[in-house]
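# Structure assessment
So the chains spell out like this:
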Amino acid sequence: MDVSVIIVNYNTKDLLRNCLESVFTQTQGIQFEVIVSDNGSGDGSQDMVRELFPQVILIENNANLGFGSANNRGLDHAQGKYIFYLNSDTVLLNNAVKIFFDYWENFPDKESLGALGANLLDADMEVIHSYGTFPELRNALYHSSRALYGVVKLSLGKFLFRKEIPLLNAASERTAYKEGDVDDIVGADLFLLNSPLARFDEGFFMYCEETDMQEIMCSKGKRRILIPGPKIIHLCGASSSGVGKASSDAVQYFATFSSIHYNLSLIYYFRKRRQSKLGIFILKSLLFCIWINPLIWKKTRKFIPQLVRK
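## Side note on helix 4 (residues 96-105)
Among the residues making up helix 4, those that are buried are A96, V97, F100, F101 and W104. Buried residues along helix 4 cover an arc of 140 degrees about the axis, so they all sit on one side. Buried residues along helix 4 sit in contact with strand 1 (3-9), strand 4 (82-87), strand 5 (90-92), strand 6 (113-117), strand 10 (189-193) and strand 12 (232-234).

Now the structure itself:
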């Protein structure tokens with residue numbers, strides 16, 4: 001078996017169907033298998049896979065294990081020489097799996113490779129967020145300090161002046177096209193050798209797990225490369241983080257499932273690397289002050305014990 005394509009699914013039945021259709025339509029010239037690791041979806045995803053894609057290996061986890069753990073369950077069943085981690089909200093536009101496979105097989109120094117990825121596209125075929133840099137504690141402290149200031153300012157505006165203040169300085173996820181070595185490739189499309197380095201740390205529920213994996217690769221001298229050729233749409237990659245939203249929406253962003261778990265994962269990431277205990281304590285304190293905001297307390301309070309334990 002050349003490649004095992006592993007897709008984690010959680011209540012994304014329609015997106016998953018489109019993703020699977022694109023994989024089986026576009027992938028040619030290699031032996032591959034597709035593994036769907038389902039995190040207890042309640043939208044009929046499992047029945048859809050069994051009915052429309054009987055060739056898929058379906059793993060039913062019966063609970064939301066998180067991104068890394070669910071991928072690991074798929075990895076346990078993978079027979080391919082290579083692993084291709086693929087998000088359920090992606091669509092392959094060409095024979096991307098074969099392009100990744102050929103690139104690795106023909107690379108002059110295979111031992112130096114850790115992971116491959118591509119420049120992801122949005123629905124308008126524009127390049128979007130496809131890679132990142134390894135997180136630094138000082139940057140996390142800076143951004144969290146700014147976030148706390150912004151949340152307090154917006155909240156006071158709502159409570160004292162009864163007015164919604166537009167969030168004007170939100171950042172976009174769009175990035176420029178890039179080829180070559182990067183710190184870490186986003187987990188939406190991650191091609192790598194089936195080896196112990198392909199396993200995620202299950203201490204991360206979601207977010208930062210692929211960054212952690214690739215920093216370990218970096219420490220072992222393994223390269224992470226964005227290559228030309230594969231064309232993959234990532235349907236959620238173009239979402240902005242609040243441009244033009246009113247103050248209440250902007251504050252609510254910090255209580256979203258994504259924002260909460262990203263910050264919890266970031267703390268675990270820094271602890272794992274034995275970063276400054278004082279710096280981590282300050283980061284946790286900043287997040288605590290954001291999360292106790294009356295506008296979002298009902299959503300964030302259940303995560304306070306996790307924040308304290310991290």
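## What to know about the nonpolar core
With 36 residues, the main nonpolar core has V3, I7, L20, F84 and F191 as its most contacted residues. When residues of this core are traced back to their parent elements, those giving at least two are strand 1, helix 1 (13-26), strand 2 (32-38), helix 2 (45-52), strand 4, helix 4 and strand 6. At 5 residues, the largest contribution of residues to this core is made by helix 4. In this structure, L137, A147, V151 and L264 belong to the second largest nonpolar core, which totals 31 residues.

## Side note on the environment of S265
Tracing the backbone through its elements, the reader meets S265 in helix 8 (residues 257-272). As for S265 and V182, which are separated by 83 residues in sequence, their C-alpha atoms are 21 Å apart.

## Let's talk about the packing of aromatic side chains
As enumerated under the stated definition, the model contains 17 aromatic pairs in all. Both rings, one in F100 and one in F191, keep their centres 5.5 Å apart while their planes meet at 20 degrees; by these two values the pair is stacked. In this pair, F100 is assigned in helix 4 and F191 in strand 10, connecting sequence segments 91 residues apart. In terms of burial, F100 and F191 fall into one category: buried. Directly above the aromatic system of Y131 lies the positively charged group of K178, at a separation of 5.8 Å from the ring centroid. Above the plane of the ring of Y269 lies R273, whose end atom (NZ or CZ) is 4.1 Å from the centre.

## Quick notes on helix 2
Of all the residues in helix 2, the buried ones are S45, Q46, M48 and V49. Around the axis of helix 2, the buried residues are gathered within 160 degrees of arc, so they sit on the same side. Of the surrounding elements, those touching the buried residues of helix 2 are strand 1, helix 1, strand 2 and strand 3 (57-60).

## With respect to the pairing of strand 10
Both faces of the sheet carry side chains from a regular strand, because those side chains alternate between them. Counted residue by residue, strand 10 has 4 buried out of 5 residues, so it is predominantly covered. Where strand 4 and strand 10 come together, 5 bridges link them in antiparallel fashion. Directly across from Y82, in strand 10, lies its bridge partner L193.

Thresholds applied
Each chain has its residues counted from 1, following the order in which its sequence is written. In keeping with the model being predicted, local features are shown solely for residues with a pLDDT of at least 70 and side-chain atom pairs are shown and tallied solely at 80 or more, while totals for entire chains, interfaces and linings include all residues. Hydrogens are left out, water is left out, and the side-chain values use all remaining heavy atoms of the structure. Relative accessibility decides the category of a residue: with a 1.4 Å probe and only protein chains considered, values under 20% of the type maximum give buried, values over 50% give exposed, and everything between is partly exposed. In this text, helices come from DSSP runs of H or I with a minimum length of four residues, and strands from runs of E with a minimum of two, each type numbered from the N-terminal end. Summarising the geometry, the arc corresponds to the directions from the helix axis toward the C-beta atoms. Contacts are assigned to residue pairs with any non-hydrogen atoms lying within 4.5 Å of each other. Only buried residues count toward a nonpolar core, which is a set of Ala, Val, Leu, Ile, Met, Phe, Trp, Tyr and Cys residues joined through side-chain atoms within 4.5 Å. Stacked, edge-to-face and tilted are the three classes for Phe, Tyr and Trp ring pairs, Trp counted by its six-membered ring, which pair at centre distances within 6.5 Å; planes under 30 degrees apart are stacked, over 60 edge-to-face, the rest tilted. Both a distance and an angle decide whether a charge sits over a ring: NZ of Lys or CZ of Arg must be within 6 Å of the ring centre and within 35 degrees of the ring normal. Note: two strands are recorded as paired if DSSP finds a minimum of 2 bridges between them.

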